[in-house]
Amino acid sequence: MRLKRKDLLGIEDLKAEEIELILSTAESFKEVSTREIKKVPTLRGKTVINLFYEPSTRTRTSFEIAAKRMSADAVNISVSTSSVVKGETLKDTAKNLEAMKPDCIVVRHSSSGTPHMLANYVGCSVVNAGDGAHEHPSQALLDMLTVRERKGKIAGLKIAIIGDIAHSRVARSNIYGFTKLGAEVMVAGPPTMMPAGIEGLGCRATTDMDTALRGADVIMMLRIQLERQKESFFPTVREYSMVYGLDEAKLKKAKEDVIILHPGPINRGVEISSEVADGPYSLILDQVTNGVAVRMAIFYLLLGAAREEAR
Ligand code: CP
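None of these values were measured; they are calculated from a predicted model.

### Remarks on the overall build of the chain
Looking only at helices and strands, one finds 11 helices and nine strands in the chain. Computed over C-alpha atoms, the radius of gyration of the chain comes to 19 Å, within 12% of the 19 Å expected from 2.2 N^0.38 for 311 residues, which places it in the range of a compact globule. The C-alpha extent of the chain, read off along each of the three principal axes, is 55 × 45 × 35 Å. In the chain, which comprises 311 residues, the share counted as buried stands at 56%. Surface summary for the chain: the accessible area is close to 13300 Å², and the carbon and sulfur share equals 51%. Computing the positive centroid from 42 side-chain charges and the negative centroid from 39, the chain places the two 4 Å apart.

Shown next as structure tokens:
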């Protein structure tokens, strides 16, 4: 089996069967990271370029580790020390990178749609590692893997996504993904952070934290992204935290076997307390572990599966 597509640009484009294929492939790759020698030869001879125009710890590192565990060569371009700072356009950067014959470019950019433009400029695969407030598909895939692993299923679960819905590419990708797999998604946050028409993506929306928490199987807390806000959307961080921050008192309203996710980086004491982030319901570090397996699966299904099948 392989993904019959050149690029992975968003969850919106994927069919449920494609999501299931990526998740089951990722499950099979998890074991590689537990070996003493954490490497398989599958993508030997392939070259992956990480082109990140925005900061990243988890996504960039795990794409690099995933490529290396598959025996691909991974190159990281630091935009701040590249010719981008001299004014080179995305198209020129893309064409020059393509001239070096990579097999895949992983791109993160502050502008929505940049990976889609890049995919039109180059013949190699392009993977979206987060574009503006649009999508973060590999994050949603690792979130779905983490939930499926712990709960044994996704269909029928109530997923509460809480926080800055308007600025969150993680929220959008997860709404698409979880609803395609049959979960019931409810988003919650202040009215100023709730985009008009969000229910058109297939979720329900509320401004009431208790409504979101009640009966939730999964609580996904979102980071307050102050860097994407041109103005303040709430009076003070303290007030935001009092109403929408997840602490042990609010957690009592959720199901007894609830699990808690957060894409990171965490603003401790703002959207989530340290007691909850580090507590027994939190799967935040499991998400990071699953990020490597999901990104190995993405590379395999875009770059490697056809070669394996042809043997
Ligand atoms: N979840 C996530 O995208 O984290 P980074 O910004 O560290 O990559």
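### Remarks on the sheet that holds strand E6 (residues 184–188)
Read across the sheet, five strands follow the order E7-E6-E5-E8-E9 without closing on themselves; strand pairing throughout is parallel. With one partner strand each, in any of the chains shown, strand E7 (204–206) and strand E9 (259–261) form the two edges of the open sheet. Averaged over all pairs of adjacent strands, the angle between their axes in this sheet comes to 20°, without regard to strand direction. In terms of strand pairing, E6 meets E7 through three bridges, oriented parallel. Counted as the bridge partner of Val-187 is Ala-205 from E7. Each of strand E8 (218–221) and E9 is contacted by helix H5 (residues 137–151), which is oriented at about 165° to E9, the strand it contacts most.

### Looking at the site of the ligand
For the ligand, the full set of nearby residues is Ser-56, Thr-57, Arg-58, Thr-59, Arg-108, His-136, Gln-139, Pro-263 and Gly-264. Between the ligand and Gln-139, the relevant distance is 3.0 Å, taken from a nitrogen atom to a side-chain nitrogen or oxygen of the residue. Residue Pro-263 places a main-chain N or O atom 2.8 Å away from a nitrogen atom belonging to the ligand. Of the residues contributing to the shell around the ligand, the split by class is one nonpolar, six polar and two charged.

### Some details on the sheet that holds strand E2 (residues 73–78)
With parallel pairing, four strands are arranged side by side in an open sheet as E2-E1-E3-E4. The strands lining the two open edges of the sheet, one partner per strand, are E2 and strand E4 (125–131). The mean angle between the axes of side-by-side strands here comes to 15°, regardless of whether they run parallel or antiparallel.

### Considerations on the pairing of strand E5 (residues 158–162)
Of all five residues in E5, five are buried, a share of seventy percent or more. Because side chains alternate across E5, one face comprises the buried residues Lys-158, Ala-160 and Ile-162, and the other comprises Ile-159 and Ile-161, equally buried. Here E5 runs beside E6; their pairing, made up of five bridges, is parallel. Paired with Lys-158 across the bridge in E6 is Glu-184. The handedness of the E5 to E6 crossover, carried by helix H6 (residues 169–180), is right-handed. Across four bridges, E5 lies against E8 in parallel orientation. Bridge pairing in E8 links Ile-162 to Met-221.

### Quick look at helix H2 (residues 58–69)
Between its first and last C-alpha, H2 extends 16 Å over 12 residues, near the 16 Å set by a 1.5 Å rise per residue. Of all the residues in H2, the buried ones are Thr-59, Ser-62, Phe-63, Glu-64, Ala-66, Ala-67 and Arg-69. Where H2 ends, the next residue or the one after it, Ser-71, has phi of about 70°, a positive value.

### Focus on helix H8 (residues 237–244)
For H8, the complete set of buried residues consists of Tyr-240, Ser-241 and Tyr-244. Along H8, the residues classed as buried sweep out an arc of 100° about the axis, all on the same side. Across H8 from its buried face, at more than 90 degrees, point the exposed residues Arg-238 and Met-242. On the buried face of H8, the contacting elements are E5, helix H7 (209–213), E8 and helix H9 (248–251).

Each value, and the rule that gives it
- Residues numbered from 1 in each chain as written.
- Predicted model: local features only at pLDDT ≥ 70, side-chain atom pairs only at ≥ 80, totals over all residues.
- Heavy atoms only, no water.
- Helix = DSSP H or I, 4+ residues; strand = E, 2+ residues; numbered from the N terminus.
- Rg over C-alpha atoms; globule rule 2.2 N^0.38 Å.
- Buried < 20%, exposed > 50% of the residue type's maximum accessible area, 1.4 Å probe, protein only.
- Areas by Shrake-Rupley, 256 points an atom, 1.4 Å probe, with all protein chains shown as cover.
- Lys, Arg positive; Asp, Glu negative; His and termini not counted.
- Charge placed at Lys NZ, Arg CZ, Asp CG, Glu CD.
- Pairing = 2+ DSSP bridges.
- Axes fitted to C-alpha atoms, helices over the stretch in contact; angles between N-to-C directions.
- Contact = heavy atoms within 4.5 Å.
- Near = heavy atom within 4 Å.
- Polar contact = N/O pair within 3.5 Å; in protein donor to acceptor, adjacent residues only side chain to side chain.
- Nonpolar A, V, L, I, M, F, W, Y, C, P; charged D, E, K, R; others polar.
- Right-handed = clockwise from strand over helix to strand, strands pointing away.
- Expected span 1.5 Å × (residues − 1).
- Arc of directions from axis to C-beta.

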